[in-house]
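The chain contents come next:
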Amino acid sequence: MTSGESARPRARAFWSDTRFLLGIVLVVASIAGVWAVVAAARHTVPVFAASRTIVPGERVASRDLTLVDVALGDTANAYVATASLPSDAVATRTIAAGELVPQAAISSQHAIRTTTVVLHSDGDVPSSVVTGAQVEVWAAAPLEQGRFDTPHVLVDEATVLSVTRDDSVMAGAGVSLEVVIDRSQVAATLAAVAGGASISVVPAGGPLP
C-alpha cells in the first residue's frame, strides 16, 4: 500500500449524507400533502338542498328539503344542516329548486317582516311570472262609467308564491296570484283591492301595464 492510498479518506455512506436525508424528508412531506388534499376533497358533509322553489316569507320544513352529501371544506358551516334548521324557519330570499340552502337564506319567523296576499288580475300575466319571480304590482283606481285612472306602482317589489289561471266561463279569464310583500305595504294593497282597483302584475323592471 502506498502512502497516497493510505491517506485517501474513506467514502461516507450515502444514507449519512445531509442532502440525501433532506431529499427523503421533502418526498415524504410532498406525499403527505397530496394525501391530505385528496382526503379533504373526499370528505363530504350532509346539508340541505331545496326540493322545490321556496320564496321569501314561506315556512321551510324538512319536507321541503333534501339531504345531500357535498364536499364544502371550510364553508360547510355556511349551509343549513339537520341540526341547524330552526323549527320556525322561514325563507328570507328565493331559494331555487336544487340549490343548497345557505344559513343566510333562513331566519326565524318572528324576525320576518313579510307576509302573503292574494291578488286577482283581470287579464293574463306574462309567462315569466312564475313561482319565485320578482314582480311589481300596479293598480288603477276606478272612475265613473267603468273607466280607470292612470296606473301607478302599488308594490315595487314582490315575490310570486303561486299563480292560478281561471279560464272558466263563469269566472271569466283572469289570474289569481299569491305574492309575498313587505308588511308595511299590506294596508295600501288591501285598500286598493277593496276599492275595486284594476290590478296588474308585471315582471320587476318590465313594461308598464
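Residues numbered from 1 in each chain as written. Predicted model: local features only at pLDDT ≥ 70, side-chain atom pairs only at ≥ 80, totals over all residues. Heavy atoms only, no water.

Trainee: Got a minute to help me understand the overall build of the chain in this structure?
Mentor: Each helix and strand counted, the chain has 3 helices and 9 strands in total. Looking at the chain as a whole, 29% of its 209 residues qualify as buried. Restricting to contacts in the chain with at least 6 residues of sequence separation, those with at least 24 account for 63%. Counting every atom, the chain has about 13,100 Å² of accessible surface; 59% of that belongs to carbon and sulfur. (Helix = DSSP H or I, 4+ residues; strand = E, 2+ residues; numbered from the N terminus. Buried < 20%, exposed > 50% of the residue type's maximum accessible area, 1.4 Å probe, protein only. Contact = heavy atoms within 4.5 Å. Areas by Shrake-Rupley, 256 points an atom, 1.4 Å probe, with all protein chains shown as cover.)

Trainee: Where do I start with the nonpolar core in this structure?
Mentor: Side chains of a nonpolar character, in soluble globular proteins, are inclined to be buried together. V137 and V179 are the most contacted members of the largest nonpolar core, which totals 21 residues. Breaking this core down by element, the ones donating at least two residues are β5 (114-121), β6 (134-140), β7 (152-166), β8 (174-182), α3 (186-194) and β9 (198-203). Counting 13 residues, the second-largest nonpolar core is a separate cluster that includes V80, L85, A89 and A91. (Core = buried A, V, L, I, M, F, W, Y, C linked by side-chain atoms within 4.5 Å.)

Trainee: Please explain α3 as it appears in this structure.
Mentor: Since there are 3.6 residues in each turn of an α-helix, residues three or four apart along the chain are aligned in direction. Turning to α3, its buried residues number three or more, namely V186, T189 and A192. Around the axis of α3, the buried residues are gathered within 135 degrees of arc, so they sit on the same side. Turned more than 90 degrees away from the buried face of α3, the exposed residues are A187 and A194. Just downstream of α3 lies G196, where phi reads positive at about 80 degrees. (Arc of directions from axis to C-beta.)

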